[in-house]
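A look at the structure
The residues making up each chain are set out below.
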Amino acid sequence: MKTVLVVANETLGGRALIDAVRTRVAEGDVRFVLVVPQNRPRAGLVVYDDSVFDAAQARVDLALEFVHAEGIEAIGEVGDPDPYTATVDAVHEYSPDEIVISTYPETRSGWLRRDLIERLRDASGIAVTHLVADPDTEGLPFHVTLAVANRTASGDELLEALKAKAQSEADKAPGRLFMVVVPQEGGDGHAARRARTRLKLVVDRLRNVGLFAAGMIGDPDPFTAIMNALQYFRVDDIVISTLAETKSGWLRADLIERVRRTTGKPVEHVIHEDATTAAA
């Protein structure tokens, strides 16, 4: 079996990369190893390492769900923040027959400014295929919804709203992907663990009803968490789940309208009616 190492980050899901994967599948027995290097957020005063790792892991999870649904054999992992190191580590681990690198066009690609392609060709001695993609202008072959929630993450209201979005496009392939962000309620380890538990609950519920879903924990400030998610992922629309207005700190901070004004994207507000706690 031929092993193809795919290295991508923000261009993961680009048409050129998907076409390349399908072409190699058609050519014969092949498995893919996906490596997604971590990248640092631009928003926020503090960088939370858990969130940085989660963003890369979420890309891996969604990509694997997508290719597995097409019957393609693949595994994936989060790589070193330096794409060269991430690729070389994977070469040593998996001994691929080919490396496929997906980047933005040269004018936008930090990887190309570091001469990544030629350095890998020189260091690995393996065939390196360079693909150029720009999902911001080309679009993606699927719709991506960003769902944001904290204490209401496992509520039925959010689940039903996301199911309705998926059902509205049930006749389209591959349909809609859901990226879930759960902002932390503080910067300590306990807050991160609690956010991760909530994240697992909601992602598991979405997958159990047949939806493509992955997620990450985010900055304690929900607005910053959303801005960082929009850096990591090309998103078509946003769903924000909160408690009722009298109980929600997010609504008191005018989160919904701030996100609408700043992003220019459709924002749906889902109100969780049954919770009795006093924070969003």
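Throughout what follows, the structure given in this document is the object of discussion. All values derive from a computational prediction rather than experimental measurement. (Residues numbered from 1 in each chain as written. Predicted model: local features only at pLDDT ≥ 70, side-chain atom pairs only at ≥ 80, totals over all residues. Heavy atoms only, no water.)

Description of the sheet that holds strand β7 (residues 176–183)
Strands in a sheet are paired, the pairing made by backbone hydrogen bonds, and the direction either parallel or antiparallel. One open sheet accounts for five strands, arranged β8-β7-β6-β9-β10; its pairing is parallel. The sheet is open, and its two borders are formed by β8 (212–218) and β10 (267–272), each paired with just one other strand. Within the sheet, the average angular offset between the axes of one strand and its neighbour, ignoring direction, is 20°. By the bridge criterion, six bridges tie strand β6 (residues 143–148) to β7 in an arrangement that is parallel. Paired with Thr 145 across the two strands is Phe 178, which belongs to β7. Strands in contact with helix α11 (residues 255–263) are β9 (237–243) and β10; relative to β9, the strand with the most contacts, it is inclined by about 170°. (Pairing = 2+ DSSP bridges. Helix = DSSP H or I, 4+ residues; strand = E, 2+ residues; numbered from the N terminus. Axes fitted to C-alpha atoms, helices over the stretch in contact; angles between N-to-C directions. Contact = heavy atoms within 4.5 Å.)

Remarks on the layout of surface pockets
There is about 610 Å³ of room inside the largest pocket. Where the lining of the largest pocket is concerned, the elements lending two or more residues are α1 (15–27), β2 (30–37), α2 (49–69), α6 (135–138), β7 and α9 (222–232). Looking at the lining of the largest pocket element by element, the count peaks at six residues for α2. Tallied by class, the residues present in the lining of the largest pocket amount to 25 nonpolar, two polar and nine charged. (1 Å grid on protein atoms, 1.4 Å probe; cavity = no way out; pocket = protein on both sides within 12 Å on 5 of 7 lines; lining within 4 Å. Points joined across faces, edges and corners; volume = space filled by probe spheres on them. Nonpolar A, V, L, I, M, F, W, Y, C, P; charged D, E, K, R; others polar.)

Brief notes about the packing of aromatic side chains
Scanning all chains against the criterion turns up one aromatic pair. Both rings, one in Tyr 232 and one in Phe 233, keep their centres 6.2 Å apart while their planes meet at 70°; by these two values the pair is edge-to-face. On the basis of relative accessible area, Tyr 232 is assigned to the buried category, the value being 3%. Between Arg 59 and the ring centre of Phe 233, over which it is positioned, the NZ or CZ distance is 4.8 Å. Positioned above the aromatic ring of Tyr 104, the side-chain terminus of Arg 108 is 4.2 Å from the ring centre. (Phe/Tyr/Trp six-rings, centres within 6.5 Å; stacked < 30°, edge-to-face > 60°. Buried < 20%, exposed > 50% of the residue type's maximum accessible area, 1.4 Å probe, protein only. Lys NZ or Arg CZ within 6 Å of the ring centre and 35° of its normal.)

Remarks on the pattern of salt bridges
Following the criterion strictly, the structure yields 20 salt bridges and no others. Among the salt bridges present, the one from Glu 65 reaches Arg 207, with a minimum N-O distance of 3.2 Å. Of this pair, Glu 65 sits in helix α2 while Arg 207 sits in helix α8 (residues 189–208), placing them 142 residues apart in sequence. Two residues, Arg 260 and Glu 257, come together in a salt bridge whose shortest N-O distance is 2.5 Å. You can see Arg 260 and its partner Glu 257 sitting in helix α11, three residues apart, about one turn around the helix. Classification of Arg 260 as partly exposed rests on a relative accessible area of 32%. Accessibility expressed as a relative area gives 33% for Glu 257, which makes it partly exposed. Because the salt bridges share partners, they merge into one network encompassing Arg 151, Glu 185, Arg 194 and Arg 198. (Salt bridge = Lys/Arg side-chain N within 4 Å of Asp/Glu carboxyl O.)

Focus: the nonpolar core
One recurring pattern in soluble globular proteins: nonpolar side chains tend to sit buried together. If you look at the biggest cluster of nonpolar residues, it comprises 54 residues, and the most contacted ones within it are Leu 146, Ile 226, Ile 238 and Ile 240. Core analysis: the next-biggest nonpolar cluster, separate from the first, contains 22 residues, Ala 149, Phe 178, Val 182 and Val 203 among them. (Core = buried A, V, L, I, M, F, W, Y, C linked by side-chain atoms within 4.5 Å.)

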